[in-house]
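What the coordinates show
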Amino acid sequence: MAYKNKIFLIGFMGSGKTTLGKRLAKKLDKPFLDLDVEIEKSESLTINQIFEKFGETHFRELESKVLKALIINNKQFVLSLGGGTPCDKKNMDLINNSGASIYLKYNAGILASRLIGGKAERPLIKNLDENQLKEFITNKLIEREVFYDQCKFTIENNNVRVEDLIELI
Ligand code: S3P
């Protein structure tokens, strides 16, 4: 089916979108793309630098623009999105109208332990201590799950083999 040509990996920071995306792309013989990497290429700046120089609102505009361009300009891919990308109705609708969306779901406690070592390159959490990080994730998840839950497929705690996931979608 055509919707399988474009596969979108969705989930909070630290949910393993890139790792699973690369494995899925290899098995499906599709190109792997990472939205953050594409944004960095298009601006010749890191995500941290974009947030520092222009702020989050501008980053969100770039995110929507680059997402749209990738969908238009590519026939197929496995695309790993940023944690905030689907949290905009227009983006989520575009994603679901363009292909198969997969939500990689973890609870806040697991996400906090997965993220504690990977804060530095993530502007939203880089200055938070462990307790603040847990609180931030708990609150953001409540806000974001409204969007994440619109995905066509949900994988909880990475509990499915790539082969089975391919069968599922
Ligand atoms: C963000 C997640 C990041 C990146 C940016 C903002 C978010 O991507 O897009 O730092 O709002 O959750 P990852 O989910 O790949 O870390």
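What you see is a predicted model; the values in this text were computed from it and never measured.

**Comments concerning the state of the cysteines**
- Under the defined criterion, the tally for this structure stands at zero disulfides.
- The thiol of Cys 87 is not disulfide-bonded; the next cysteine sulfur, from Cys 151, is found 9.6 Å away.
- Judged by relative accessible area, which is 23%, Cys 87 ranks as partly exposed.
- When its relative accessible area of 9% is taken as the criterion, Cys 151 is described as buried.

**Points about the pattern of salt bridges**
- The final tally for this structure, using the stated rule, is nine salt bridges.
- Between Lys 41 and Glu 38 there is a salt bridge, with the nearest N and O atoms lying 3.3 Å from each other. Of this pair, Lys 41 and Glu 38 both sit in helix 2 (residues 35-43), three residues apart, roughly one helical turn.
- Here Lys 140 makes a salt bridge to Glu 143, at a shortest N to O gap of 3.4 Å. Separated by three residues within a single helix, Lys 140 and Glu 143 lie in helix 7 (residues 130-148), roughly one turn from each other.
- Classification of Glu 143 by relative accessible area gives partly exposed; the value is 49%.
- Salt bridges here are not isolated pairs; linked through shared partners, they connect Glu 56, Arg 60 and Glu 63.

About the thresholds
Residues numbered from 1 in each chain as written. Predicted model: local features only at pLDDT ≥ 70, side-chain atom pairs only at ≥ 80, totals over all residues. Heavy atoms only, no water. Disulfide = S-S within 2.5 Å. Buried < 20%, exposed > 50% of the residue type's maximum accessible area, 1.4 Å probe, protein only. Salt bridge = Lys/Arg side-chain N within 4 Å of Asp/Glu carboxyl O. Helix = DSSP H or I, 4+ residues; strand = E, 2+ residues; numbered from the N terminus.

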